[in-house]
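Chain by chain, the residues run as shown.
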Amino acid sequence: MIYGIGTDICDVRRIAATWSRRGDRFAERVLGLHEIEVFRYRLAKVESRGISYLATRFSAKEAFSKAIGMGMRMPMTWRDCEVVKAASGKPEIRLHGALAAWFDARQLRAHVSITDETDYAASFVVIEAP
């Protein structure tokens, strides 16, 4: 049964502008521990790839918060929701802390799809309940 659906589109240029103003403080606020490592690696190789990565994660977390029906309020936090790659390359949601406990208590499952182009990042999340 579908518990919730969320979608988000993000202007990569807006994320780039925010990162330019706030730098790592912005990235560290939005990204979890694993994500920040990937972001820094990509940013060092090609800055635009790092910014696109940051934008896709921002978009996916917004979509996830909509799908669970609470927006950005506790227990939903930017850092406790990570988008990671499975061995196959498929994006997956990994949760931590109180958000993971809340999600597990309801036996929910998340499915995420992310995409980006030069100027936009978009995400779609479906949450399933038993």
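Scroll up for the structure.
Overview of the structure. Computed from a predicted model, the values in this text were never measured in an experiment.

**A word on helix α3 (residues 33-45)**
With 13 residues, α3 extends 19 Å from end C-alpha to end C-alpha; this agrees with the ideal 18 Å at 1.5 Å per step. Where α3 is concerned, the buried positions are Glu35, Ile36, Val38, Phe39, Arg42 and Leu43. One side of α3 carries all its buried residues, which in axial view fall inside an arc of 165°. Those residues of α3 that are exposed and angled more than 90 degrees off the buried face are Leu33, Glu37, Tyr41, Ala44 and Lys45. Considering only its buried residues, α3 is in contact with α1 (12-22), α2 (24-30), α4 (47-67) and β2 (81-85).

**Re the pairing of strand β5 (residues 120-128)**
Sheet topology note: the strand β1 (residues 2-11)/β5 ladder contains nine bridges and is antiparallel. Bridge pairing links threonine 7 to phenylalanine 124 in β5. Here strand β4 (residues 109-116) runs beside β5; their pairing, made up of eight bridges, is antiparallel. Residue pairing in the sheet places valine 112 in a bridge with valine 125 of β5. The hairpin turn running from β4 into β5, its antiparallel successor, is three residues long.

**A short note on the side chain of serine 123**
On the secondary structure map, serine 123 appears in strand β5. Looking at serine 123, the relative accessible area reads 3%, which means it is buried. A polar contact of 3.1 Å, which involves the side chain of serine 123, links it to the backbone nitrogen of alanine 60. Those residues in contact with serine 123, other than ones at most four positions away along the chain, are Gly6, Thr7, Asp8, Thr56, Ser59, Ala60, Ala63, Ser113 and Ile114.

**Comments concerning the packing of α3 against α4**
Across the interface, α3 lies against α4 with an axial gap of 5 Å and an inter-helix angle of 150°. Relative to α4, the element α3 is oriented roughly antiparallel. Packed against α3, whose contacting residues are Glu35, Val38, Phe39, Arg42, Leu43 and Lys45, the element α4 presents Glu47, Arg49, Gly50, Ile51, Tyr53, Leu54, Arg57 and Lys61 at the interface. Its residues assigned to classes, the contact of α3 with α4 shows six nonpolar, one polar and seven charged.

**Remarks on a nonpolar patch on the surface**
Nonpolar side chains collect at one region of the surface, where Ile2, Ile5 and Phe124 lie side by side and expose about 300 Å² of accessible area between them. Looking at the element boundaries, phenylalanine 124 is found in strand β5. According to the relative accessible area criterion, phenylalanine 124 is partly exposed, its value standing at 41%.

**Examining the sheet that holds β1**
On the basis of which strands lie adjacent, the open sheet formed by three strands has the order β1-β5-β4 and antiparallel pairing. Only two strands of the sheet have a single neighbouring strand rather than two, namely β1 and β4. Each strand axis lies, on average, 10° off the axis of its neighbour in the sheet, ignoring direction. Contacts between α1 and the sheet are confined to β1 and β5, with β1 contributing the most and set at about 70° to the helix.

Reading guide: rules and limits
Along each chain, residues carry numbers from 1 onward, in the same order as the chain's sequence is written. Confidence filtering applies because this is a predicted model: local features only for residues at pLDDT of at least 70, side-chain atom pairs given and counted only at 80 or more, and all residues used for totals across whole chains, interfaces and linings. Hydrogen atoms and water are omitted, and side-chain values are computed over all heavy atoms in the structure. Secondary structure is summarised from DSSP: a helix means a run of H or I of at least four residues, a strand means a run of E of at least two, and numbering begins at the N terminus for each. Expected helix span is computed as 1.5 Å times (number of residues minus one). A 1.4 Å probe rolled over the protein chains alone gives each residue an accessible area, and that area as a share of the maximum for its type sets the label: buried under 20%, exposed over 50%, partly exposed in between. This arc is built from the directions going out from the helix axis to the C-beta atoms. Any pair of residues with heavy atoms lying within 4.5 Å of one another is described as a contacting pair. Whether two strands pair comes down to DSSP finding at least two bridges between them. Any pair of N or O atoms that falls within 3.5 Å is considered a polar contact. Within protein, one atom must be able to donate a hydrogen and the other to accept it, and sequence-neighbouring residues count only if both atoms are side-chain atoms. For helices, the axis comes from a line fit to the C-alpha atoms of the stretch in contact; other axes are also lines fit to C-alpha atoms, and the angle between any two N-to-C directions lies between 0 and 180 degrees. The labels follow the angle: roughly parallel below 35 degrees, roughly antiparallel above 145, roughly perpendicular from 65 to 115, and oblique for the rest. Three categories are distinguished: nonpolar for Ala, Val, Leu, Ile, Met, Phe, Trp, Tyr, Cys and Pro, charged for Asp, Glu, Lys and Arg, and polar for the others, with Gly belonging to the last. To count toward a patch, a residue needs a relative accessible area over 30% and no salt bridge; like charges are then connected within 9 Å, while nonpolar side chains (Val, Leu, Ile, Met, Phe, Trp, Tyr) are connected within 5 Å. The protein chains shown are the only cover counted for residues, whose accessible areas, like all others here, come from Shrake-Rupley with a 1.4 Å probe. Think of a salt bridge as a Lys or Arg side-chain nitrogen and an Asp or Glu carboxyl oxygen that are within 4 Å of each other.

Don't take any of this as a statement about function, it's just geometry.
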